[in-house]
Amino acid sequence: MEIHIIIMDRNLKSYRKLAQQEGLNSILDLLNKCREVKGIFTLIWHSTPVYKKRGRWFKKVYVETITYGANPNEKNSTAFNDNNNSF
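Residue numbers here run from 1 along each chain, matching the order of that chain's written sequence. Totals for whole chains, interfaces and linings use all residues, but because this is a predicted model, local features are given only for residues with pLDDT of at least 70 and pairs of side-chain atoms are given and counted only at 80 or more. Values reported for side chains reflect all heavy atoms of the structure, with hydrogen atoms and water molecules removed beforehand.

Chemist: How do you make sense of a nonpolar patch on the surface when you look at a structure like this?
Modeler: Patch criteria: residues need more than 30% relative accessible area and no salt bridge. Like-charged residues are merged within 9 Å; nonpolar side chains of Val, Leu, Ile, Met, Phe, Trp and Tyr are merged within 5 Å. Each accessible area is a Shrake-Rupley result for a 1.4 Å probe, and residues are judged covered by the shown protein chains and nothing else. Every case where a carboxyl oxygen of Asp or Glu lies within 4 Å of a side-chain nitrogen of Lys or Arg is listed as a salt bridge. Residues M1, I3 and I40 make up a contiguous nonpolar surface patch of roughly 400 Å² in combined accessible area. By the element assignment, M1 lies in the segment before β1 (7-8). Throughout, exposure labels follow a simple rule: accessible area from a 1.4 Å probe, protein chains only, divided by the maximum for the residue type, with under 20% read as buried, over 50% as exposed, and the rest as partly exposed. According to the relative accessible area criterion, M1 is exposed, its value standing at 91%. Per the convention used, a helix needs a DSSP run of H or I reaching at least four residues, while a strand needs a run of E reaching at least two, with both numbered from the N terminus.

Structure below.
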């Protein structure tokens, strides 16, 4: 059995040059498509950028992706909420 990689973090920001919301929308669209066909959503996320100064983009998109992935029916965003100062 082969399990293909669906998304890699660096592809979104470095290669495709997406803004945070564009990157998140791209991920969530693919995640939803995987759910529709009962597929396996495989995400590669490097930890190094998250811990560096420039990692704000990566951390926000990652947290929102994991939050949505765990709770797809949750309507309130956590990572992109203006009242959230954790980033």
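Read on, since the account is not over.
Chemist: Would you explain the packing of aromatic side chains in this entry?
Modeler: Note on aromatic pairs: each is described by the distance of the centres and the angle between the planes. Whether two aromatic rings pair depends on their centres lying within 6.5 Å, for rings of Phe, Tyr and Trp, where Trp uses its six-membered ring; planes under 30 degrees apart make the pair stacked, over 60 edge-to-face, and the rest tilted. Evaluated as defined, the whole model comprises one aromatic pair. Plain terms: the ring middles of W45 and Y62 are 5.7 Å apart, the flat faces sit at 40 degrees to each other, and that makes the pair tilted. You can see W45 sitting in the loop between β2 (43-44) and α3 (48-51) and its partner Y62 sitting in helix α4 (residues 56-70), a full 17 residues away along the chain. Looking at Y62, the relative accessible area reads 34%, which means it is partly exposed.

Chemist: I tried to follow the environment of G69 on my own but got confused; where do I start?
Modeler: Structurally, the position occupied by G69 is in helix α4. The exposure class of G69 is partly exposed, given its relative accessible area of 31%. Contacts are assigned to residue pairs that have any heavy atoms within 4.5 Å of one another. The contact partners of G69, leaving out residues within four places of it in the chain, are L31 and R35.

In short, geometric facts, not functional conclusions.
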